[in-house]
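Examination of the molecular architecture
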Amino acid sequence: MAACTRDLGEEFRAFCASLEEPPVRQAVDFLGINVSGDPAAKPVFKIYYSRKFSGEERHPVQKMLSERGMLRYCSMVRDTRDRSCVRLDLALKERTDRNMEWLFGRLARLTALFREGEEEIRKLAGMQITGRERHRSSTLYHLGFTEQNEEITLLKCHFLTRWCPDPDQPGRGSEYRDQEYLNYLKHCKIAAYGELADLAEAALKQCGGHLWMAGLDMGAAGYRKYKLYIKQPSMLYGRLPAMLGETMAEPLKASERWHRAHPEYGCEGAAFCVDSDSVHSLNLYYGWK
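Read on for an overview of the structure. (Residues numbered from 1 in each chain as written. Predicted model: local features only at pLDDT ≥ 70, side-chain atom pairs only at ≥ 80, totals over all residues. Heavy atoms only, no water.)

**Quick look at the nonpolar core**
Quick reminder of the rule: To define a nonpolar core, start from buried Ala, Val, Leu, Ile, Met, Phe, Trp, Tyr and Cys residues and group those joined through side-chain atoms within 4.5 Å. Any residue under 20% of the maximum accessible area for its type is buried, any over 50% is exposed, and the rest in between are partly exposed; the area is computed with a 1.4 Å probe on protein chains only. What counts as a helix is a DSSP run of H or I of at least four residues, what counts as a strand is a run of E of at least two, and both are numbered from the N terminus. The contact definition used throughout considers only heavy atoms, calling two residues in contact when any of these lie within 4.5 Å.
Counting residues in each nonpolar core, the largest one holds 86 residues, and the members touching the most others are Leu65, Leu103, Phe159 and Tyr193. No other element matches the 9 residues that helix α6 (residues 191–207) contributes to this core. Once residues lying within four places of it in the same chain are set aside, the contact partners of leucine 65 are Met70, Leu71, Leu90, Leu92, Trp102 and Leu103.

**A word on the pattern of salt bridges**
When charged atoms on two side chains of opposite charge get close, those side chains can pair. Heads up, the rule is: Counted as salt bridges are all cases of a side-chain nitrogen of Lys or Arg within 4 Å of a carboxyl oxygen of Asp or Glu.
Under the defined criterion, the tally for this structure stands at 18 salt bridges. Here lysine 123 ties to glutamate 119 by a salt bridge, and the two come within 3.7 Å at their closest N and O atoms. Of this pair, lysine 123 and glutamate 119 are both found in helix α4 (residues 112–125), 4 residues apart, which corresponds to roughly one turn of the helix. According to the relative accessible area criterion, glutamate 119 is exposed, its value standing at 57%. Aspartate 198 serves as the salt-bridge partner of lysine 186, at 3.5 Å between the closest nitrogen and oxygen. With lysine 186 in helix α5 (residues 178–186) and aspartate 198 in helix α6, the pair connects residues that are 12 residues apart, well separated along the chain. By relative accessible area, which is 28% here, lysine 186 ends up partly exposed. Residue aspartate 198 is classed as partly exposed on the basis of its relative accessible area of 44%. Linked through salt bridges whose partners overlap, the residues forming this network are Glu101, Glu118 and Arg122.

**A word on helix α3 (residues 97–110)**
Which entries qualify depends on this criterion: Given a helix with a known number of residues, its expected span is that number minus one, times 1.5 Å.
Its 14 residues give α3 an end-to-end C-alpha distance of 20 Å, which sits within 8% of 20 Å, the value for a rise of 1.5 Å per residue. Listed in full, the buried residues belonging to α3 are Asp97, Asn99, Met100, Trp102, Leu103, Phe104, Leu107 and Ala108. Residues of α3 that are buried in the fold lie against α2 (60–68), β4 (86–92), α4 and β5 (140–148).

**Some details on the pairing of β5**
For clarity, the threshold we go by: Criterion used throughout: strands pair if DSSP finds at least two bridges between them.
With 8 of 9 residues buried, β5 lies mostly within the body of the structure. Of the strand pairs in this sheet, β4 and β5 are connected by 6 bridges, and their pairing is antiparallel. Bridged to alanine 91 within β5 is histidine 142. Pairing between β5 and strand β6 (residues 151–160): 8 bridges, direction antiparallel. Counted as the bridge partner of glycine 144 is lysine 156 from β6. Linking β5 to β6, which pair antiparallel, is a turn of 2 residues; within it asparagine 149 sits at a positive phi near 50 degrees.

Keep in mind that these numbers describe shape and distance, not what the molecule does.
Structure, rendered in structure tokens:
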């Protein structure tokens, strides 16, 4: 049986049993399920813990951002893949033009992954999300990376897709301008985002909700994963298979079966993804009702 058709309930129970901190309501922001159109790929469960770290500088990158006054918080994520590596998710603040150029320079010295992906990062960072002066690149608000043997093996960048009076407080007074950002992504000269923007646009029409953010993962040997997130959609399971094609039909059915068995979770969002090997995938995000 293909990996994506396995019983997700069994996978979920094994994942929960492996965690040092159980996924209880008080401790978790989101539960994620990543399913792939590659029939050989296993589903990946993720837990996004609600506990944030700001004063505990456990890693040189945390220390670097903290000393610059750019670290909003660090969050903990666990998933079903190799847990022997270091994983950090870092929320940024004070994203002025000067600070972002400093950050880009530091990342370029820190890892070849940034240098190889810098052109695409800068294209996405060109999305304007605020009228504040000297904040032209503030859309890049979140960094993540995976490190093994003190070498960064995956660099992750996330970009806001809504208008924010204060980019450091995106939840306060922000304005959804979905079509504006979809149009930007369609014409940013990164082909994958044109495809994903078409998918997201169709999903918003069929399922409602709003754009959430764009994501870019960069790995070794030129690997890329391009992601576009929507939030608060409805009727995903019934409407997405026709949009995503046959390869995603069974993974979506498996996700729906799992969700029916866990009604305590509500679907908070989804990310349409395609990687540099042209493999499509879908990330689903659930929160406690």
